[in-house]
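For reference, the chains in residue letters:
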Amino acid sequence: MVIKMFDAENKIWDVIIVGAGPSGLAAATEIAKAKVSVLVLDRKQEIGCPKRCAEGLGNGWFNRLKLKPKKEWAVQEIKGAQLYSPNGKSVKMKNKKVLGYVLERKMFEKDLAINAVKLGAKILMKHQVINATRENGIVKLEVEVNDDKKYYQTKMIIACDGIDSKVARMLGLNTKNNLKDTDSGYQYEMTGISGYDENLLHLFFGTDVAPRGYVWIFPKRDGTANVGIGIGAYEEKTAKYYLDKWIASQEGMKNGSIIEVNAGGIPVGGFLDKMTADNLVVAGDAGHMVDPIHGGGIGIAMEGGRIAAKHTLLAIKKNNFSDTQLSAYTKDWFDSRGKELMRRLKGRHLLEQLSDGDFNYLAESITIDEALKIGNGTLTPKDKLILATKKLIKRPGLLNIMVKYFNDKTE
Amino acid sequence: MVVKNNPNKCLYCGACVGVCPTQAITLKDTRIEIDENKCISCGACVKICPVGAMKIEGKKQ
């Protein structure tokens, strides 16, 4: 006999959020704050686990999201990065101030969950949505819980169910990821490793190391770090193959232990031009909200979740859950974040065209400021002229790629 | 020919679900389900899988 613990089925929820990750929990917090009823369902057994993430979060995001780093989950202060070019040379960018943190996501997300629940949200784990249908303006969810089926009803769905999102697709919004815009990611959380500065993120480039991507070390204190890789999906060999090969070649990894194995697809470029349907908005990885250059998504997902919540609350206020009402969300997201990410996508396409030789040359000839501006797509015409005439002219192949990038006006 | 999941290799990350054009794959908590009627053997899931857990049956890996 199934014991009924809660009375969550016999009501119509204002909002049901599918997915209890950073975007879903950020959205739930905002909805609950407004005293609107909100239920969060997640297929997994545990919040924040297994992670599909290197766990870095920059200070810009802490400020923008008004988050305060807590000792329990902001486990490593980061003061910069060290980039390693294919020929083994490295560029170190270290600040005196803390620029961000590597998180313990399990703890971080539980903190977000506890806070959302304090404000009035309800969360249920191991609840897998297997079907969603609309009936007279209400969405009915069929949910698998162990061997049992449950049915929940709501006016609004916020789909934050990750790269494997199916809820949006069940409600007619195609969130499929194109292979060319998706990276294949693999990672070990290791401990007992050494030979790197724990206050820096370490990124290793090269077609032998990580074709169309890089290997990273994101330190998590005391010789512990996320050691991972992201590569293009079209490679013959797997991400695991390349990471294992790289680790085997590193002296500092020889005495390492593996305390977690993580994997994931990273939606690094295919932004959705439509993120709504009737009764539906989508956020986080499910809405392809990831930085195209570094593949990070915690901050972007949380901001996306908050904007999704804002438009959900507007729809509730107007009692209008139509796609027409909700479509302002897509524009709002692009205005606050999407357009910047589109510029960075151009930077990514540029990076993908560079050979190992180009990379070595750039690492030695351009400044950190120039590199950041190229990545952000914020080079001024003067910057471009200086780059082209003083530096790139010595390497015509690279100059051609860069000129094409400079002239690309598509946004 | 349809795609098969190797549960010994699979880490249940859901990358395959995200790139599947026909929604043939579903990720359960610790299980991949493949709807053989929907699978078109396009190989997208094979390419994205970080650990080589997807394989089109009848094809050499």
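So, how was this worked out
- Residues numbered from 1 in each chain as written.
- Chains lettered and ligands numbered in written order.
- Predicted model: local features only at pLDDT ≥ 70, side-chain atom pairs only at ≥ 80, totals over all residues.
- Heavy atoms only, no water.
- Helix = DSSP H or I, 4+ residues; strand = E, 2+ residues; numbered from the N terminus.
- Rg over C-alpha atoms; globule rule 2.2 N^0.38 Å.
- Contact = heavy atoms within 4.5 Å.
- Lys, Arg positive; Asp, Glu negative; His and termini not counted.
- Charge placed at Lys NZ, Arg CZ, Asp CG, Glu CD.
- Core = buried A, V, L, I, M, F, W, Y, C linked by side-chain atoms within 4.5 Å.
- Buried < 20%, exposed > 50% of the residue type's maximum accessible area, 1.4 Å probe, protein only.
- Polar contact = N/O pair within 3.5 Å; in protein donor to acceptor, adjacent residues only side chain to side chain.
- Salt bridge = Lys/Arg side-chain N within 4 Å of Asp/Glu carboxyl O.
- Buried area = accessible area lost by both parts, 1.4 Å probe.
- Nonpolar A, V, L, I, M, F, W, Y, C, P; charged D, E, K, R; others polar.
- Axes fitted to C-alpha atoms, helices over the stretch in contact; angles between N-to-C directions.
- Parallel < 35°, antiparallel > 145°, perpendicular 65-115°, else oblique.
- Left-handed = near helix turned anticlockwise from the far one by under 90°.
- Pairing = 2+ DSSP bridges.

(A) View of the overall build of chain B. For chain B, the helix and strand inventory stands at two helices and four strands. Its C-alpha atoms give chain B a radius of gyration of 10 Å, within 12% of the compact-globule value 10 Å for 61 residues. Dimensions along the principal axes, computed over C-alpha positions, put chain B at roughly 25 × 25 × 15 Å. In chain B, the proportion of contacts linking residues at least 24 apart, taken out of those at least 6 apart, comes to 52%. Positive and negative side-chain charges of chain B, numbering 9 and 5 respectively, have mean locations separated by a distance of 9 Å.

(B) Main features of the nonpolar core. Counting residues in hydrophobic clusters, the biggest one holds 76 residues, and the most contacted among them are A:L141 and A:W333. Sort the elements by how many residues they give to this core and helix α6 (residues 298-318) of chain A lands first, with seven residues. In this view, A:W333 contacts A:F271, A:M275, A:M289, A:I300, A:G304, A:I307, A:G338 and A:L341; residues no more than four positions away in its chain are not counted. With 47 residues, the next largest nonpolar core counts A:W246, B:V3, B:I32 and B:C49 among its residues.

(C) Region of the structure containing the side chain of A:K51. Residues and elements named next belong to chain A. Mapped onto the elements, K51 comes out in the loop between β2 (38-41) and β3 (56-58). What makes K51 buried here is its relative accessible area of 5%. Here the side chain of K51 touches E55 through a polar contact of 3.4 Å, side chain to side chain. If sequence neighbours within four positions are ignored, K51 has contacts with Q187, E189, K220, N226, E260, N262 and A263.

(D) Examining the pattern of salt bridges more closely. Scanning the entire structure with this criterion turns up 41 salt bridges over all chains. Between A:K51 and A:E189 there is a salt bridge, with the nearest N and O atoms lying 2.6 Å from each other. Of this pair, A:K51 sits in the loop between β2 and β3 while A:E189 sits in strand β12 (residues 182-191), and the two are 138 residues apart along the sequence. B:K28 serves as the salt-bridge partner of B:E33, at 3.2 Å between the closest nitrogen and oxygen. By relative accessible area, which is 30% here, B:E33 ends up partly exposed. The class of B:K28 is buried, set by a relative accessible area of 6%.

(E) Highlighting the interface of chain B and chain A. At the junction of the two partners, chain B supplies 22 residues and chain A supplies 30 residues. Summed over both sides, the interface between chain B and chain A buries roughly 2100 Å², with carbon and sulfur atoms accounting for 57% of that surface. Counting across the interface, chain B meets chain A through one salt bridge. A salt bridge links B:K28 to A:E144; the shortest N-O distance between them is 3.0 Å. Counting across the chain B and chain A interface gives twelve residue pairs in polar contact (both at pLDDT 80 or more). Among the secondary structure elements, those contributing two or more residues to the side of chain B that touches chain A are α1 (15-19), β2 (25-28) and α2 (44-48) of chain B. Across the side of chain B that touches chain A, the residue classes tally to 14 nonpolar, five polar and three charged.

(F) The arrangement of the environment of A:P69 in detail. All names here are of chain A. With respect to the helices and strands, P69 occurs in the loop between α2 (59-64) and β4 (74-78). Assessed through its relative accessible area of 37%, P69 is described here as partly exposed. Linking P69 and L103, residues 34 residues apart in sequence, is a C-alpha distance of 9.1 Å.

(G) How the structure looks around the packing of helix α8 (residues 328-353) of chain A against helix α10 (residues 368-376) of chain A. Residues and elements named next belong to chain A. For the pair α8 and α10, the least separation of the axes is 6 Å and the interaxial angle reads 110 degrees. Looking at the two axes, α8 sits roughly perpendicular to α10. Here R343, R344, G347 and L350 of α8 come into contact with α10, specifically with I374, G375 and N376.

(H) Local environment of the packing of α6(A) against α8(A). Residue and element names in this part refer to chain A. One way to put it is that α6 packs onto α8 with a least axis distance of 9 Å and a crossing angle of 160 degrees. Between α6 and α8, the angle is such that the two are roughly antiparallel. At the point where α6 passes α8, the crossing takes the right-handed sense. Contacts between α6 and α8 involve I300, E303, G304, I307, A308, K310 and H311 on the former and, on the latter, A328, Y329, D332, W333, S336, R337 and L341. Here the contact of α6 with α8 is built from residues that sort into seven nonpolar, three polar and four charged.

(I) The arrangement of the sheet that holds strand β14 (residues 214-219) of chain A in detail. All names here are of chain A. A sheet is described by the order of its strands in space; here seven strands give the open sequence β6-β5-β13-β14-β15-β12-β16, paired in mixed fashion. Edge positions in the sheet fall to β6 (90-94) and β16 (257-267), since each of these pairs with one other strand and no more. Looking at each pair of strands side by side, their axes are set apart by 15 degrees on average, direction ignored. Of the pairings in the sheet, the one linking strand β13 (residues 200-204) to β14 comprises three bridges and is antiparallel in character. Each bridged residue has a counterpart across the sheet, and for H202 the counterpart in β14 is I217. The strands touched by helix α5 (residues 239-248) within the sheet are β12, β13, β14 and β15 (224-232), with β12 carrying the most contacts at an inclination of about 40 degrees.

(J) Focus on the sheet that holds β4(A). Residue and element names in this part refer to chain A. As summarised here, the arrangement of the three strands in space is β3-β7-β4, forming an open sheet in which the pairing is antiparallel. Every other strand in the sheet has two partners, leaving β3 and β4 as the edge strands with one partner each. Within the sheet, the average angular offset between the axes of one strand and its neighbour, ignoring direction, is 30 degrees. As judged from the four bridges shared by β4 and strand β7 (residues 100-103), these two strands associate in the antiparallel manner. Bridge pairing in β7 places Q76 opposite V102.

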